[in-house]
Amino acid sequence: MSHKYMPHSEEDIKVMLDKVGVKNIDELYSDVPSEVILERDYDIPSCMSEIELRNHFKELADKNKQLIIFGGQGAYDHYSPSVIPHLLSRSEFYTAYTPYQPEISQGTLQYIFEYQSMISELTGMEATNASMYDGATAAAEALFMLVASSRKKNRVLISATVNDQVRKVVETYTKFHGVDLTVIPEKDGVTDLESLNTELEKGDVAGAMLPTPNKYGIIEDFSGVAEKIHAAKAFFAIYADPSTLAVLKTPAEWGADVACGDGQTLGMPLSFGGPYLGFISCSKAMLRKMPGRIVGATKDIDGKRGFVLTLQAREQHIRREKATSNICSNQSLMALYATIYIALLGDKGLKEVNKLSCDGAHYLYNKLIATGKFHPVYDKPFLKEFVVKSDLDLKKINDRLLQNGIMGGILLGDDKVEFAVTEKRSKEEIDNLVNLMLEA
């Protein structure tokens, strides 16, 4: 063997090279530009003992700063119950990556089924997939569902109040998928519904996506929106924070055909950038256009309850050129994380998380306004995130906060800042934040 970790012998390699008509490995990769080929040895440290290696990684980890977080914009510092990592590692949940063989994948299939059931209950929709990489990819795939369901229309609308990072990913996806994307402008911090109606009247719209809460933390009012979208023979998608759906009106109640979003708010630690969890829920009519996987409950030959992949055309997994989506994997581990989190908190716990977050956010908002140094920007309802403006040097303030172990709000230009407060933030932490900002 050429390498002790590679299973192919020299004879195996020669047979494969002969099959594709090249003489050696270098010729196989001859189309790779020479300027990107590493011409030196890898800079790999010498071997270490276990304790040396653990200490080495601890030194690397200690370079990260653990902060008290008041930022949001799509990533929120919610509490992660300590029992979750222990349950995640249980052996019955660890089966094949691709659960096509139900007889050996019941652990994975069952928790995916439970996850789908829980997300469907939160969104009010009839079906949920399992699952997408993150909220941004889920949003893009949801828009493709709208196009696939409309058949003859190829233009979709997305509100400017959808998180900016999500919209950028959607713009990339739609561009290279050949789908026309129109951004509906915002007005006073919410979707400009007059502009939405104008676009719908053109008659070429497959669907529209609006957020709840939006990127400013505002809870938008979608009264009558679904009726107008459906009257234009288009479909309605809502980009939602699933945690907030325990207390807010659900996408189903707004009349949406599809709901999508990021499940990071379901107790997943920020972890310096992921992993996250994208979800898509939909009405029964759109079920076969949904990407990812769908698990159903059934009975085996002995009448015992079991779980299988179901209700999707082969195109989604095999005839990929015919598929609505080319995603056929799922963030199964994070789906399990969300499932355990929701099961632990239950209906009462999820509502309590939102109440504490809401109380803390409004307390901070009122404290800032009371200083006379910060002023309201949008007179709209919010849950755990809000925007204020100030003539103070906000960048200088954030630098001062960082020196004191605090991540401040997200700067929106020179004079606006957006704060998020979760159930983890105490009154003492909020008071300290305000005092430090005024001192700076």
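In short, a report on the structure. Just so it is clear, the model here is predicted, and its values are computed rather than measured.

## Looking at the packing of aromatic side chains
With the rule as written, the count across this model stands at 10 aromatic pairs. On the basis of an interplanar angle of 85 degrees and a centroid distance of 5.5 Å, the ring pair of Phe93 and Tyr111 is categorised as edge-to-face. Separated by 18 residues along the polypeptide, Phe93 in the loop between helix H4 (83-88) and helix H5 (106-123) and Tyr111 in helix H5 bring together distant segments of the chain. Consider the rings of Tyr365 and Phe382, whose centres lie 5.4 Å apart with planes at 55 degrees: the pair is tilted. With Tyr365 in helix H11 (residues 332-370) and Phe382 in the loop between strand E13 (374-376) and strand E14 (385-390), this residue pair connects regions lying 17 residues apart in the sequence. For Phe382, a relative accessible area of 12% corresponds to the buried category.

## A closer look at the sheet that holds strand E16 (residues 410-411)
Read across the open sheet, the four strands follow the order E13-E14-E17-E16; overall the sheet is antiparallel. Strands with a single pairing partner mark the edges of an open sheet, and in this sheet they are E13 and E16. Of the strand pairs in this sheet, E13 and E14 are connected by three bridges, and their pairing is antiparallel. Residue Pro376 lies in a different strand from E14, and its bridge partner there is Val388.

## What to know about the pairing of E14
With respect to burial, E14 is a largely interior element, five of its six residues being buried. Direction of pairing for E14 relative to strand E17 (residues 416-420): antiparallel, over a ladder of five bridges. In the sheet register, Val388 faces E17, and the bridge partner there is Val417.

## Points about unusual backbone geometry
Cis geometry marks the peptide bond from Thr212 to Pro213, where omega comes out at -20 degrees. Relative to the helices and strands, Pro213 is located in the loop between strand E7 (205-212) and helix H9 (225-231). Of note, the amide linkage connecting Gly274 to Pro275 takes the cis form, showing an omega dihedral of 5 degrees. Considering the arrangement of structural elements, one finds Pro275 in the loop between strand E9 (258-262) and strand E10 (278-282). Even without a glycine there, the phi angle at Gln73 is positive, about 55 degrees. Here Gln73 shows up in the loop between strand E1 (68-69) and H4. Of note, Lys233 is a non-glycine position whose phi angle comes to about 55 degrees, a positive value. Relative to the helices and strands, Lys233 is located in the loop between H9 and strand E8 (235-240).

Thresholds, definitions, all that
Residues numbered from 1 in each chain as written. Predicted model: local features only at pLDDT ≥ 70, side-chain atom pairs only at ≥ 80, totals over all residues. Heavy atoms only, no water. Phe/Tyr/Trp six-rings, centres within 6.5 Å; stacked < 30°, edge-to-face > 60°. Helix = DSSP H or I, 4+ residues; strand = E, 2+ residues; numbered from the N terminus. Buried < 20%, exposed > 50% of the residue type's maximum accessible area, 1.4 Å probe, protein only. Pairing = 2+ DSSP bridges.

Purely spatial values, then, with no claim about function.
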